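This is what each chain is made of:
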Amino acid sequence: MRKEFSTWDKKSLKTIVGKTRDFNELAKDCVAFANFKGGHLHIGIEDEDELPPSSQKRTIDIAEGTVKRLNELTINVGISQQIVTAENGGEYLDLTIHQSRTSVASTTNGKYFMRDNDKSRTLLPDELIRLVGDKPSYCWETKVTLPVKWEDADSFKLQRFERDIRNSDRVSQVVKEKSIRELLEYYLMIDDQDYLTNLGILWVGKRQHRARLLYSPVIQYIKYDDTGEKVFKKTWDDYEQSPQELLESIWLDIPEWRESNEVSEGLWRVNIPAFDEKVVRP
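Throughout what follows, the structure given in this document is the object of discussion. (Residues numbered from 1 in each chain as written. Predicted model: local features only at pLDDT ≥ 70, side-chain atom pairs only at ≥ 80, totals over all residues. Heavy atoms only, no water.)

Applying the stated criterion across every chain, the model contains 20 salt bridges. Of the charged contacts, one joins Asp-9 and Lys-11 as a salt bridge, the two residues approaching to 3.9 Å between their closest N and O atoms. Residue Asp-9 shares its accessibility class with Lys-11, and that shared class is buried. Taking the shortest distance from any N to any O, the salt bridge between Asp-194 and Arg-181 comes out at 2.8 Å. On the criterion of sequence distance, the pair formed by Asp-194 in the loop between α6 (180-186) and α7 (198-204) and Arg-181 in helix α6 is long-range, its members being 13 residues apart. Given a relative accessible area of 18%, Asp-194 falls into the buried group. Members of the salt-bridge network, linked through shared partners, are Lys-157, Arg-160, Asp-164, Glu-245 and Glu-248. (Salt bridge = Lys/Arg side-chain N within 4 Å of Asp/Glu carboxyl O. Buried < 20%, exposed > 50% of the residue type's maximum accessible area, 1.4 Å probe, protein only. Helix = DSSP H or I, 4+ residues; strand = E, 2+ residues; numbered from the N terminus.)

If you want it as structure tokens, here you go:
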């Protein structure tokens, strides 16, 4: 039987479904892998088995929900998922946990773990200090993680980016005279082989490209009443929009931003906005 080790572990499907599900324990393993060398979690295989049950199907239905929940419980952990069909026809969920190269991964409640052989153990204070010191300087935005040429970008977003640059009064004429490829290169959205950087994918890439990035922005707006009860929630988590479009949606789609207070000013009454647009759209 294949034994679990420092970069691979298997979990029962009961870990993520039913009354026995334990996402906190799963988040602990994800943090431990991220702080080590990365690794894989195969969910849907019992400890004593080599393969998932042959009748185990439709694990795709729970895959995205699992990754979303783990992202909510961890910090600086990159997770991607795929459904794998074993040789007996059964399916299991393969979670790839990527190594956190530039920052220390943790759970959202402030706990740090490291992989030690086939176990995930809590980091001691001196180990945490060494781990922080070992992290190199790294600029994620300028790196290429997906092989996407700039010609394969979203044509609408590409046209808007070019139009905004050429019409901006904050961009010099020298920059405005550049070709679209030169503009992308100037703003670090492509590398020297014309592949979109992570910044380029966020700004002008297609939805399916943004969805595959480890750190695609997901935004939630939650409103509470005077008693602390949640009364409204809106989430932008479909990867459809660029960062610029997300900011515009946040401003336009939330009616509370347009709330104002009417005050007297001599013979006139004026409305003072409760929120300055510059606070939401810097």
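Along the chain, Asp-116 falls in strand β7 (residues 113-116). Once the C-alpha coordinates of Asp-116 and Phe-33 are considered, the two residues, 83 residues apart in sequence, prove to be 9.4 Å apart.

Let us now look at the pairing of strand β4 (residues 78-85). Where β4 and strand β5 (residues 91-98) come together, 8 bridges link them in antiparallel fashion. Paired with Gln-81 across the two strands is Leu-95, which belongs to β5. Connecting β4 to the antiparallel partner β5 that follows it, the hairpin turn spans 5 residues, and Gly-89 within it adopts a positive phi of roughly 95°. (Pairing = 2+ DSSP bridges.)

The next subject is the layout of surface pockets. The computed volume of the largest pocket comes to approximately 930 Å³. In terms of lining residues, the largest pocket is bounded by 27 residues, among which Val-67, Lys-68, Asn-71, Val-218 and Tyr-239 are the most central. Breaking the lining of the largest pocket down by element, the ones donating at least two residues are α2 (60-73), β3 (74-75), β4, α8 (207-212) and β9 (219-224). The element that contributes the greatest number of residues to the lining of the largest pocket is α2, accounting for 6 residues. Of the residues that constitute the lining of the largest pocket, the class distribution is 11 nonpolar, 8 polar and 8 charged. (1 Å grid on protein atoms, 1.4 Å probe; cavity = no way out; pocket = protein on both sides within 12 Å on 5 of 7 lines; lining within 4 Å. Points joined across faces, edges and corners; volume = space filled by probe spheres on them. Nonpolar A, V, L, I, M, F, W, Y, C, P; charged D, E, K, R; others polar.)

Before going further, it helps to spend a moment on empty space enclosed by the protein. Unoccupied space between atoms shows up once a probe the size of one water molecule is rolled over them. On inspection of all chains with the given rule, the structure shows 2 cavities of 30 Å³ or more. In this structure, the largest cavity occupies an estimated 40 Å³ of space. As for the largest cavity, its lining consists of Lys-157, Arg-160, Phe-161, Trp-203, Ser-242, Gln-244 and Glu-245. Among the secondary structure elements, those contributing two or more residues to the lining of the largest cavity are α4 (155-167) and α9 (243-253). In terms of residue count, α4 provides more of the lining of the largest cavity than any other element does, 3 residues in total. Of the volumes computed, that of the second largest cavity is approximately 30 Å³. Around the second largest cavity sit Pro-217, Trp-236, Asp-238, Tyr-239, Glu-240, Gln-241 and Leu-246, which together line it. Considering only residue class, the lining of the second largest cavity consists of 4 nonpolar, 1 polar and 2 charged.

Here we take up the nonpolar core. Counting 23 residues, the largest nonpolar core has Leu-70, Val-77, Ile-79, Leu-95 and Ile-97 as the members making the most contacts within it. Looking at this core, the elements with two or more residues in it are α1 (23-35), β2 (39-43), α2 and β5. Considering every element that reaches this core, the biggest residue donor is α1, with 8 residues. Residue contacts for Ile-97: discarding those within four places in its chain leaves Cys-30, Phe-33, Ala-34, Gly-38, Gly-39, Leu-41, Val-77, Gly-78 and Ile-79. If you look at the next biggest cluster of nonpolar residues, it comprises 20 residues, including Phe-161, Val-171, Leu-202 and Leu-213. (Core = buried A, V, L, I, M, F, W, Y, C linked by side-chain atoms within 4.5 Å. Contact = heavy atoms within 4.5 Å.)

Further remarks concern the sheet that holds β4. The strand order across the open sheet built from 4 strands is β1-β2-β5-β4, with neighbouring strands paired in mixed fashion. Strand pairing shows two members of the sheet lacking a second neighbour, β1 (8-11) and β4, which therefore form its edges. Direction aside, the axes of adjacent strands within the sheet are offset by 20° on average. As paired strands, β1 and β2 are joined by 4 bridges and run parallel to one another. What sits directly across from Lys-10, in β2, is His-42. Sheet strands in contact with α1 are β1, β2, β4 and β5, and its direction is about 155° off that of β2. (Axes fitted to C-alpha atoms, helices over the stretch in contact; angles between N-to-C directions.)

Counted residue by residue, β5 has 7 buried out of 8 residues, so it is predominantly covered. With 5 bridges connecting them, β2 and β5 associate as antiparallel partners. Opposite His-42, over in β5, you have Asp-94 as the bridge partner.

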